[in-house]
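Descriptive analysis of the structure
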Amino acid sequence: MSQLLTHVVNTVTAAVTTFNDYPFNSMVKFQGAMLGASDAGLTLLDDETSVEEITSTMGTGLIHFGTVQQKRCSDFYLSMRALGDVTLRVSVDEGEKFEYTIRPLDISTIKTRRSPIGKGLKGTYWYFELECSDYFDFDAMNIAAVPVSRRL
């Protein structure tokens with residue numbers, strides 16, 4: 001049995017979303033309706049059961065914030081709208097992933113939410129991943145990163 005893995009790239013923000021076992025090679029919103037395309041043709045994504053099974057995941061890749069100096073990140077800000085909680089996973093220098101929960105405020109408009117990041121984390125390369133198993137839309141993310149001064 002083969003596993004389907006679909007990657008969607010936002011061409012404006014370069015954010016990547018991954019869908020596991022999702023049988024479409026592309027998606028589009030056309031006249032207010034979501035359509036999925038595959039070798040079998042177009043499928044209208046209008047029933048709630050197909051939407052509930054989707055778990056979207058997107059990751060940043062490794063970020064060094066323009067310097068190879070170690071840094072600490074105190075807060076993660078996400079401008080989003082979602083039906084359910086969003087899981088934020090953070091890892092430093094390709095180490096263990098730490099999870100945080102971002103709770104949405106209102107589904108009708110995009111709101112900026114803040115998630116504090118553990119104070120003990122510091123490193124050169126940071127990775128951030130977002131996951132939501134419900135409706136999720138985001139506009140921007142901002143990360144408060146501060147270089148750590150070197151000690152002799």
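Residues numbered from 1 in each chain as written. Predicted model: local features only at pLDDT ≥ 70, side-chain atom pairs only at ≥ 80, totals over all residues. Heavy atoms only, no water.

Judged from the 4 bridges that link them, strand 4 (residues 33-38) and strand 5 (residues 41-44) form a sheet pairing that is antiparallel. In the sheet register, Gly36 faces strand 5, and the bridge partner there is Thr43. Counting the residues that bridge the hairpin from strand 4 to strand 5 gives 2 residues. (Pairing = 2+ DSSP bridges. Helix = DSSP H or I, 4+ residues; strand = E, 2+ residues; numbered from the N terminus.)

What follows is about the sheet that holds strand 2 (residues 16-20). Across the sheet, 6 strands lie side by side as 1-2-6-11-8-9; this open sheet has antiparallel pairing. Edge strands, defined here as strands with exactly one partner in the open sheet, are strand 1 (5-9) and strand 9 (98-102). Across the sheet, the mean angle from the axis of one strand to that of its neighbour is 25 degrees, orientation sign disregarded. Sheet topology places strand 8 (residues 86-92) next to strand 11 (residues 126-132); 6 bridges connect them, and they run antiparallel. Directly across from Arg89, in strand 11, lies its bridge partner Glu129. (Axes fitted to C-alpha atoms, helices over the stretch in contact; angles between N-to-C directions.)

So, on to the packing of aromatic side chains. Applying the stated criterion across every chain yields a total of 3 aromatic pairs. A connected cluster of aromatic rings, assembled from ring pairs, spans Phe76, Trp126 and Phe128. (Phe/Tyr/Trp six-rings, centres within 6.5 Å; stacked < 30°, edge-to-face > 60°.)

So, about the nonpolar core. Counting 21 residues, the largest nonpolar core has Leu78, Val86, Leu130 and Phe136 as its most contacted members. For this core, the elements supplying multiple residues, two or more each, are strand 7 (71-82), strand 8, strand 9, strand 11 and strand 12 (136-147). Per-element tally for this core: the top contributor is strand 7, with 5 residues. In contact with Leu130, other than residues within four places in its own chain, are Ser56, Thr57, Met58, Phe76, Leu78, Val86, Thr87, Leu88, Ile102 and Phe136. (Core = buried A, V, L, I, M, F, W, Y, C linked by side-chain atoms within 4.5 Å. Buried < 20%, exposed > 50% of the residue type's maximum accessible area, 1.4 Å probe, protein only. Contact = heavy atoms within 4.5 Å.)

Take the pattern of salt bridges next. The full count for this structure, using the stated rule, is 7 salt bridges. Ionic pairing is found between Arg81 and Asp137, a salt bridge with its closest N-O pair at 3.2 Å. Of this pair, Arg81 sits in strand 7 while Asp137 sits in strand 12; the two residues are 56 residues apart in sequence, bridging distant segments of the chain. Since its relative accessible area comes to 24%, Asp137 is described here as partly exposed. Residues Arg89 and Glu99 are paired through a salt bridge, measuring 2.9 Å at the closest nitrogen-oxygen approach. Residue Arg89 is found in strand 8, and its partner Glu99 is found in strand 9; the two are separated by 10 residues along the sequence. Classification of Glu99 as exposed rests on a relative accessible area of 53%. Connected through salt bridges with shared partners, the residues Arg89, Lys97, Glu99, Glu129 and Glu131 form a single ionic network. (Salt bridge = Lys/Arg side-chain N within 4 Å of Asp/Glu carboxyl O.)

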